[in-house]
Amino acid sequence: NLDIMDVDMKEFEQVQNAAWRRTREIAPPAIVKNANKNLHELELVNDVTIKFRSADEPRSTQGISPCFFWIDEARDVSTEAFEVVLGSTVVTKARGIFTSSNSMSGLVHAMYRAEREAKRETPLHEFFFFSSFANPGADPEFIALLASTMSPEMYRQEIMAEFVALGQGRVYQDWSRD
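Since the structure is predicted, the reported quantities are computational estimates derived from the model, not experimental observations.

A. Representation of the overall build of the protein in the model. When you go through the protein residue by residue, the secondary structure sums to 5 helices and 6 strands. When the helices and strands of the protein are placed in sequence order, the string is β-α-β-β-β-β-α-β-α-α-α. Each of the 178 residues in the protein was classed as buried or not, and the buried ones make up 31%. At a minimum sequence separation of 6, the contacts of the protein that also span at least 24 residues come to 57%. Carbon together with sulfur atoms contributes 53% to the accessible area of the protein, which is approximately 11,800 Å² in total.

B. Expanded view of the packing of aromatic side chains. Inspection of the entire model under this criterion finds 6 aromatic pairs. Taking 5.2 Å as the distance between ring centres and 85° as the angle between the ring planes, the aromatic pair formed by Tyr112 and Phe127 counts as edge-to-face. Here Phe127 lies in the loop between α3 (107-118) and α4 (140-147) and Tyr112 lies in helix α3, a separation of 15 residues in the sequence. Given the relative accessible area of 26%, Phe127 is considered partly exposed. Ring geometry for Tyr112 versus Phe129: centroids 5.4 Å apart, planes at 85°, classification edge-to-face. Linking Tyr112 in helix α3 with Phe129 in the loop between α3 and α4, this pair joins segments that are 17 residues apart in sequence. Through successive ring pairs, a cluster of aromatic residues spans Tyr112, Phe127, Phe129 and Phe163.

C. Here's a closer look at the pattern of salt bridges. Enumeration according to the criterion identifies 6 salt bridges in this entry. Between Arg120 and Glu115 there is a salt bridge, and its shortest N-O distance comes to 2.8 Å. With relative accessibility at 38%, the residue Arg120 sits in the partly exposed group. By relative accessible area, Glu115 is classed as buried at 10%. Among the ionic pairs, Arg156 bridges to Glu162, the shortest N-O distance being 2.7 Å. On the accessibility criterion, Arg156 (36% relative accessible area) is partly exposed. One connected set of salt bridges, linked through shared partners, spans Lys33, Glu43 and Asp47.

D. Representation of the pairing of strand β4 (residues 48-54) within the structure. β4 sits mainly inside the fold: 7 of its 7 residues count as buried. Both faces of β4 are covered, namely the face carrying Val48, Ile50, Phe52 and Ser54 and the face carrying Thr49, Lys51 and Arg53. Taking the residues between adjacent antiparallel strands as the criterion, strand β3 (residues 41-44) and β4 are bridged by 3 residues, where Asp47 takes a positive phi near 65°.

E. Quick look at the pairing of strand β6 (residues 95-99). With 5 bridges joining them, strand β5 (residues 66-72) and β6 adopt parallel strand pairing. Each bridged residue has a counterpart across the sheet, and for Phe69 the counterpart in β6 is Gly96. In terms of handedness, the path from β5 via helix α2 (residues 79-87) over to β6 forms a crossover that is right-handed.

F. Local environment of the nonpolar core. The biggest cluster of nonpolar side chains holds 11 residues, and these are Ala55, Phe69, Ile71, Ala74, Val77, Ala81, Phe82, Val85, Ala94, Val108 and Met111. No other element matches the 3 residues that α2 contributes to this core. Counting 8 residues, the second largest nonpolar core, distinct from the first, contains Trp20, Leu42, Val48 and Phe52.

G. Focus on the environment of Ala165. By secondary structure assignment, the location of Ala165 is in the segment after α5 (152-158). Residue classification places Ala165 among the partly exposed residues on the basis of a relative accessible area of 40%. Expressed as a C-alpha distance, the spacing of Ala165 and Met104, which sit 61 residues apart in the sequence, is 5.4 Å.

Definitions and limits used
- Residue positions are counted from 1 within each chain, in the order its sequence is given.
- A pLDDT threshold of at least 70 governs which residues receive local features in this predicted model, and a stricter bar of 80 or more applies before side-chain atom pairs are shown or counted, although totals over entire chains, interfaces and linings include all residues.
- Hydrogens and water are ignored here; the side-chain numbers use all heavy atoms of the structure.
- A run of DSSP states H or I qualifies as a helix once it reaches four residues; a run of E qualifies as a strand once it reaches two. Both are numbered from the N-terminal end.
- Relative accessibility under 20% of the residue-type maximum defines a buried residue, over 50% an exposed one, and the middle range a partly exposed one, all with a 1.4 Å probe and only protein chains included.
- Here, residues are in contact when the closest pair of their heavy atoms is within 4.5 Å.
- Using a 1.4 Å probe, the Shrake-Rupley method yields the accessible areas, and only the shown protein chains count as cover for residues.
- By convention, a stacked pair of Phe, Tyr or Trp rings (six-membered ring in the case of Trp) has centres within 6.5 Å and planes under 30 degrees apart, an edge-to-face pair has planes over 60 apart, and any other such pair is tilted.
- The salt bridge definition used is simple: a Lys or Arg side-chain nitrogen within 4 Å of an Asp or Glu carboxyl oxygen.
- Pairs of strands are assigned from DSSP output, requiring at least two bridges between the strands.
- Consider the strands pointing away from the viewer: the crossover is right-handed when the path from the first strand over the helix to the second runs clockwise.
- Think of a nonpolar core as a cluster: buried Ala, Val, Leu, Ile, Met, Phe, Trp, Tyr and Cys residues, connected wherever their side-chain atoms sit within 4.5 Å.

In short, the description is geometric, and any link to function would need to be established separately.
Next comes the structure, spelled out in structure tokens:
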């Protein structure tokens, strides 16, 4: 069996159920051997199993040796969750994807900064940045409407996929005494 692990973050139960439900909706029935709703696992006819797990509960990923993993909202992942997930990939040498909005805090930015500073001939990690406009499924008019509600810094971070030091030293990003 080959395992594919999807690790989600915030409000995990809601996200997990939505990801689980959406995956079941789009997976052609001819490729699904078994769908276990209690375990949130989808077994395919080629013996690949997709397992949905929570980084809020890092130990839920133990015992899984995935051939591939995906961590969504990676900027919010704890050090413990990274260590548990990446530790499970040592044997299989699994490759993975971290998706997230950019943030100057958290492990994703630390990994990005360390990789840039190391200047290795063969990098350990590769980083790709795509603005919301690069998403072919996103409505440009909706993105523009959304952008009109944001500060310039928030726009650069959330829409343009740039690392921005949002709200450094402030509780609320857009608040000032002026």
